[in-house]
Amino acid sequence: MSDDLNLVNQASVTAETVTTVSNSTGGTAAESIESIRFSAPRYFATQQRAISNDDYSSLVLTNFGGEISDVVVYGGQELEPKQYGRVVVCLKPSAGTIAPDYIKNKITNFLLPYIAIPNRIIITDPEYLYGSINSKVQYDSILGEKNVSELTSAIYDTIANYSKNNLEKFGKDLRYSRLVSAIDNTDSNIVSNDTELRLIKKIAPLPNTVSSYDIETNNKIYVELNSDKIGIDYDTRYLYSSLISSKFTYNYLGTSYPLSYFEDDNKGNIYVYYVTNDTAVKLTVDPVGSINYETGNIVLSNLRIVSYDTNVSLYLKPYNKDILANKNKIVLIDPSDININITEVLT
């Protein structure tokens with residue numbers, strides 16, 4: 001199609017067809033009214049300077065909202081070792097779990113003109129805590145139309161939506177009572193659910209390399225009193241351990257032991273066990289770590305892990321069944337950590 005532009009400059013214009021080769025990426029959805037009501041006053045309050053924690057948060061979210069979905073800011077005195085006079089800016093990216101370095105550098109350079117003291121900013125990543133969900137659900141087929149498969153799928157969706165809408169940001173705690181209530185409300189034919197919640201901390205040590213960890217969960221852990229663990233197989237010991245891990249291959253005194261795992265002794269010591277002939281056997285004579293049940297902090301030293309699947313998961317029993325997201329922690333529920341078992345109520 002051509003339009004005559006003779007009256008203007010003796011020229012013409014031709015409209016060409018534009019074909020989209022690939023969709024745009026890296027953006028974010030339109031900001032909601034509630035989000036604007038929350039963010040706008042805080043951005044105005046900054047007055048184009050960064051003094052308070054809210055100033056830093058508002059500046060980052062306003063100018064990098066397409067790349068950063070959440071931010072928490074706190075003082076360097078809360079670090080170990082303490083770094084007085086520093087400001088820690090912890091970033092949760094819009095995509096993935098760790099913000100790439102180029103975004104961190106962009107944010108650092110953007111904030112520098114707003115502060116009076118150079119080298120004051122420390123950009124860090126969130127620490128993620130996961131919830132392990134093992135739910136036994138009873139249903140009455142007379143009260144609803146869904147079969148077991150459909151009901152299972154619906155419960156998975158409920159838990160995924162609960163994580164998306166109530167967790168996955170700084171300061172969002174996983175409240176056990178609200179989670180089980182959401183499961184009950186999934187469908188009219190659900191009668192009840194008996195749900196076990198474990199806190200998971202995932203680590204990924206470099207295989208065949210000596211590694212150590214100092215992990216802060218900031219969650220009080222329930223101490224099991226059954227020190228004999230009442231059973232010899234892994235599944236039974238899982239039920240009676242305050243801390244137990246997923247399985248891996250461990251190198252002990254030059255020999256590799258598949259089906260190894262960490263387990264506490266209910267006294268704060270952590271040992272390596274391994275499974276042989278369906279029996280759990282203590283492998284290491286001395287502890288490889290310790291757990292502080294009051295703080296949930298875990299120390300693992302001089303580990304010699306040979307191989308594992310995606311990661312090594314440390315399963316912990318929260319003291320009051322809730323998982324708290326303190327300071328730089330984010331709680332979420334991964335679909336791979338959900339197990340649903342449905343049985344019908346016989347009437």
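Structure first, text after, so check above.
Let me sum up the structure you'll find in this document.

On to the sheet that holds strand β5 (residues 121-124), then. Pairing between sheet strands relies on hydrogen bonds along the backbone, with the strands arranged either parallel or antiparallel. Taken together, the 3 strands give an open sheet; going across it, the order is β3-β4-β5, and neighbouring strands pair in mixed fashion. Edge strands, defined here as strands with exactly one partner in the open sheet, are β3 (68-75) and β5. Across the sheet, the mean angle separating the axes of adjacent strands is 25° when strand polarity is ignored. Pairing geometry for strand β4 (residues 87-93) and β5, over 4 bridges, is parallel. Across the sheet, residue Cys90 finds its bridge partner in β5, namely Thr124.

When you line up the elements, Ser246 lands in the loop between β9 (243-245) and β10 (248-252). A residue is classified by how much of its surface remains accessible, and Ser246, at 15% relative accessible area, is buried.

Under the definition given, this model contains 8 aromatic pairs. A ring pair is formed by Tyr234 and Tyr261, whose centres lie 4.9 Å apart and whose planes are at 85°; its orientation type is edge-to-face. With Tyr234 in helix α7 (residues 234-239) and Tyr261 in strand β11 (residues 255-264), the pair connects residues that are 27 residues apart, well separated along the chain. Overall, Tyr261 belongs to the buried group, its relative accessible area being 0%. Aromatic side chains Tyr261 and Tyr273 sit 5.7 Å apart centroid to centroid with 20° between the ring planes, which places their arrangement in the stacked category. Here the residue Tyr261 occupies a position in strand β11, and Tyr273 occupies one in strand β12 (residues 269-276), the gap between them amounting to 12 residues. Each member of the pair, Tyr261 together with Tyr273, is buried. If you follow Lys220 out to its NZ or CZ, it ends over the ring of Tyr319, 4.0 Å from the centre.

Reported here for the second largest pocket is a volume of approximately 520 Å³. Elements supplying a minimum of two residues to the lining of the second largest pocket: β6 (127-139), β7 (190-203), α7 and β17 (312-316). For the lining of the second largest pocket, the residue count by class is 6 nonpolar, 7 polar and 9 charged.

What counts as what
Residues numbered from 1 in each chain as written. Predicted model: local features only at pLDDT ≥ 70, side-chain atom pairs only at ≥ 80, totals over all residues. Heavy atoms only, no water. Pairing = 2+ DSSP bridges. Helix = DSSP H or I, 4+ residues; strand = E, 2+ residues; numbered from the N terminus. Axes fitted to C-alpha atoms, helices over the stretch in contact; angles between N-to-C directions. Buried < 20%, exposed > 50% of the residue type's maximum accessible area, 1.4 Å probe, protein only. Phe/Tyr/Trp six-rings, centres within 6.5 Å; stacked < 30°, edge-to-face > 60°. Lys NZ or Arg CZ within 6 Å of the ring centre and 35° of its normal. 1 Å grid on protein atoms, 1.4 Å probe; cavity = no way out; pocket = protein on both sides within 12 Å on 5 of 7 lines; lining within 4 Å. Points joined across faces, edges and corners; volume = space filled by probe spheres on them. Nonpolar A, V, L, I, M, F, W, Y, C, P; charged D, E, K, R; others polar.

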